[in-house]
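Spelled out from the first residue to the last, the chains are:
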Amino acid sequence: MADAKVLPFDDDRSRSGAGRRRVAQPGTSGAAPVSALPGAQVPESREAGPQAPQEPPEGSGRGAWDRRLAGGLAFLRRRVTGEYEVDEFGYDEELTDQVLMSLLRPLAEKYFRVEVKGIENIPSDGGALVVANHSGTLPLDGLMLQVAVHDHHPAERHLRLLAADLVFMLPVVNELARKAGHTLACAEDAERLLERGEVVGVMPEGFKGLGKPFGDRYKLQRFGRGGFVSTALRAGAPIVPCSIVGAEEIYPMIGNSRTLARILGFPYFPLTPTFPWLGPLGAVPLPTKWTIQFGEPIPTDGYPPEATEDPMLMFNLTDQVREQIQHTLYKLLVQRRSVFF
């Protein structure tokens, strides 16, 4: 509701009756204060001046729709005229916030019912490297992670995901990934983003985690050679371990057609209980209940510059991040009631 306006009254004027409405009495030429007549009521004045039109309350139906329509038309005008900005990586913040997030948000909130924990472990400003497990046959976990950071962080930070080469080789997907802020999974791009103060997301398991058999669910695969650790060290950015539960069951992968994968140029071709047997319907993910938990950040700014040349330090930090993610996965699995609730 609109805030009521309180008009200031002068106490002396109130006590003397000045400024009060007067009505003429029969048989007199003067007027007596209405308050002086016992039981008298002040009638509505028909000669009162026009009242200022009141604005619709914030969030009311008509006002909200008017604002949405005006915002939508302004957005379309900027798209048509080219009056919008993208950064050097192709990231379109306005398109991501107003369109892509709006499309992904119902999937996160209503379908997978993502519960986010520990979001305060991502700093409010400055660079940070979020390291998460990867699973689910299709990379929906990365998209849900992006929504979780944007919608739940108090500073509404944007997650810039590092994606595999295959993402940028696919038509349409390539352009959308760039617009959403994703960039190639290479140390140079990651370091530049961290030095600019961005929150960068990486899933070191890659296709090994994404396309693993259902029987190996929630068992972390190898984290590579620790390239993400050296990137964080060079930028002096904290590493935030992240554990995602629920993605493993959206497409239970019970087989892999290597022949089809080789023909199509994919790292694997999944066979699930519904795909490809049910056609396009088999590509609908199961509505599992998700939990995304961000762990305690691991600082890296206390190491000397030559620390990136120490292979033992790289191994120890990589193993520390991996073990923290794996331990949290087991903990979340014990706590959850079922796959779907």
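Predicted model only: the values in this text are computed from it and were never measured. (Residues numbered from 1 in each chain as written. Predicted model: local features only at pLDDT ≥ 70, side-chain atom pairs only at ≥ 80, totals over all residues. Heavy atoms only, no water.)

K.L.:
I keep staring at the overall build of the protein chain and nothing clicks. Help me out?
P.N.:
Secondary structure summary: the protein chain contains ten helices and eleven strands in total. In the protein chain, the share of contacts with a sequence separation of at least 24, taken over all contacts with a separation of at least 6, comes to 74%. As displayed, the protein chain has an accessible area near 20,200 Å², and 57% of this comes from carbon and sulfur atoms. (Helix = DSSP H or I, 4+ residues; strand = E, 2+ residues; numbered from the N terminus. Contact = heavy atoms within 4.5 Å. Areas by Shrake-Rupley, 256 points an atom, 1.4 Å probe, with all protein chains shown as cover.)

K.L.:
Could you clarify how one ought to interpret unusual backbone geometry in this entry?
P.N.:
Peptide bonds are trans in most cases, and residues, glycine excluded, mostly fall at negative phi. Residue Pro 276 follows Phe 275 across a cis peptide bond; omega there is 5°. Structurally, Pro 276 can be placed in the loop between strand E10 (270-271) and strand E11 (291-294). Phi at Val 172 is positive, roughly 70°, even though this residue is not glycine. With a phi angle near 60°, Tyr 218 is a residue other than glycine that sits in the positive phi range. If you trace the backbone, Tyr 218 turns up in the loop between helix H7 (207-210) and helix H8 (227-235). Residue Tyr 218 is classed as buried on the basis of its relative accessible area, which comes to 3%. (Buried < 20%, exposed > 50% of the residue type's maximum accessible area, 1.4 Å probe, protein only.)

K.L.:
Mind showing me how you'd approach the confidence of the model for the protein chain here?
P.N.:
Atomic detail in the predicted coordinates should be set aside for any region of low pLDDT. When pLDDT is averaged along the protein chain, the result is 85; 82% of the residues meet or exceed 70. A low-confidence stretch, residues 1-50 stays under pLDDT 50, and its non-local contacts, those more than four residues away or across chains, total 25 contacts. (pLDDT = per-residue confidence, 0-100.)

K.L.:
Please clarify how helix H6 (residues 187-195) should be interpreted in this entry.
P.N.:
In an α-helix there are 3.6 residues to a turn, and that puts residues three or four apart on one side. By the burial criterion, the buried members of H6 are Asp 189, Ala 190, Glu 191, Leu 193 and Leu 194. Looking at the buried positions of H6, the neighbouring elements they touch are strand E4 (128-132), strand E5 (159-163), strand E6 (183-184), strand E7 (199-202) and H8. Looking one or two residues beyond H6, the residue adopting positive phi is Gly 197, at roughly 85°.

K.L.:
What's the story with the nonpolar core in this structure? I'm lost.
P.N.:
Core analysis: the biggest nonpolar cluster contains 29 residues, and Val 130, Leu 145 and Phe 294 have the highest contact counts within it. At the level of elements, helix H3 (93-111), E4, helix H4 (140-152), E5, strand E8 (239-245) and E11 are the ones that each hand at least two residues to this core. Per-element accounting of this core gives the leading share, six residues, to H4. Dropping the residues within four chain positions of it, Leu 145 is found in contact with Val 130, Ala 132, Leu 159, Met 203, Cys 242, Ile 292 and Phe 294. (Core = buried A, V, L, I, M, F, W, Y, C linked by side-chain atoms within 4.5 Å.)

K.L.:
Teacher, can you tell me more about the packing of H6 against H8 here?
P.N.:
Helix packing for two helices is described by the angle between their axes and how far apart those axes are. In contact at an axis separation of 9 Å, H6 and H8 are set at 35° when each is read in the N-to-C sense. Crossing handedness for the pair H6 and H8: right-handed. Residues Ala 187, Ala 190, Glu 191, Leu 194 and Glu 195 of H6 touch H8, and the partners they reach there are Thr 231, Ala 232, Arg 234 and Ala 235. Within the contact of H6 with H8, the residues separate by chemical class into five nonpolar, one polar and three charged. (Axes fitted to C-alpha atoms, helices over the stretch in contact; angles between N-to-C directions. Left-handed = near helix turned anticlockwise from the far one by under 90°. Nonpolar A, V, L, I, M, F, W, Y, C, P; charged D, E, K, R; others polar.)

K.L.:
Whenever I open this one, the pairing of E5 confuses me. Can you help?
P.N.:
Consecutive residues of a regular strand have side chains that alternate between opposite faces of the sheet. The buried fraction of E5 is high, at five of five residues. Along E5, one buried face is formed by Leu 159, Leu 161 and Ala 163 and the opposite face, lined by Arg 160 and Leu 162, is buried too. In the sheet, E5 pairs with E6 via two bridges, with the strands oriented parallel. The residue of E6 that forms the bridge with Leu 162 is Thr 183. Of the crossover connections in this fold, the one passing from E5 over helix H5 (residues 173-179) to the parallel E6 is right-handed. (Pairing = 2+ DSSP bridges. Right-handed = clockwise from strand over helix to strand, strands pointing away.)

K.L.:
What am I meant to see in a nonpolar patch on the surface here?
P.N.:
A grouping of Leu 260, Ile 263, Leu 264 and Phe 266 is seen on the molecular surface, where their side chains present a nonpolar patch of about 370 Å² in accessible area. Considering the arrangement of structural elements, one finds Ile 263 in helix H9 (residues 258-264). Classification of Ile 263 as exposed rests on a relative accessible area of 63%. (Patch = residues over 30% accessible without salt bridge, like charges linked within 9 Å, V, L, I, M, F, W, Y side chains within 5 Å. Salt bridge = Lys/Arg side-chain N within 4 Å of Asp/Glu carboxyl O.)

K.L.:
So what exactly am I meant to see when it comes to the sheet that holds E5 here?
P.N.:
Think of a sheet as strands paired side by side through backbone hydrogen bonds, with each pair either parallel or antiparallel. Spatially, E3-E11-E8-E4-E7-E5-E6 is the arrangement adopted by the seven strands of the open sheet, whose pairing is mixed. Two strands bound the open sheet, and with one partner strand each, they are strand E3 (115-117) and E6. Inspection of the sheet shows E3 paired to E11 by three bridges, in the parallel sense. Residue pairing in the sheet places Glu 115 in a bridge with Thr 291 of E11. Packing against the sheet, H4 makes contact with E3, E4, E5, E8 and E11, and its axis sits at approximately 65° to E11. Across the face of the sheet, H8 comes into contact with E4, E7 and E8 while running at roughly 165° to E4.

K.L.:
Explanation requested: the side chain of Thr 328 in the structure shown.
P.N.:
On the secondary structure map, Thr 328 appears in helix H10 (residues 311-335). Engagement of the side chain of Thr 328 in a polar contact is seen with the backbone oxygen of Gln 324, the distance being 2.9 Å. Residues in contact with Thr 328, not counting those within four places in the same chain, are Ser 243 and Gln 293. (Polar contact = N/O pair within 3.5 Å; in protein donor to acceptor, adjacent residues only side chain to side chain.)

K.L.:
Is there a simple way to explain the packing of H3 against H4 in this structure?
P.N.:
With their axes 10 Å apart at the nearest point, H3 and H4 run at an angle of 110° to one another. Here H3 is positioned roughly perpendicular relative to H4, judged by the angle of their axes. Only Leu 143, Met 144, Gln 146, Val 147, His 150 and Asp 151 of H4 make contact with H3, whose side of the interface consists of Thr 96, Asp 97, Met 101, Leu 104, Arg 105, Leu 107, Ala 108 and Glu 109. For the contact of H3 with H4, a count of residues per class yields seven nonpolar, three polar and four charged. (Parallel < 35°, antiparallel > 145°, perpendicular 65-115°, else oblique.)

K.L.:
Would you take a moment to explain the environment of Val 149 for this structure?
P.N.:
Note on placement: Val 149 falls in helix H4. Accessibility expressed as a relative area gives 0% for Val 149, which makes it buried. Sequence separation of Val 149 and Ile 122 is 27 residues, and the distance between their C-alpha atoms is 8.6 Å. The residues contacting Val 149, other than those within four sequence positions of it, are Ile 119, Ile 122, Arg 157, Leu 159 and Phe 294.

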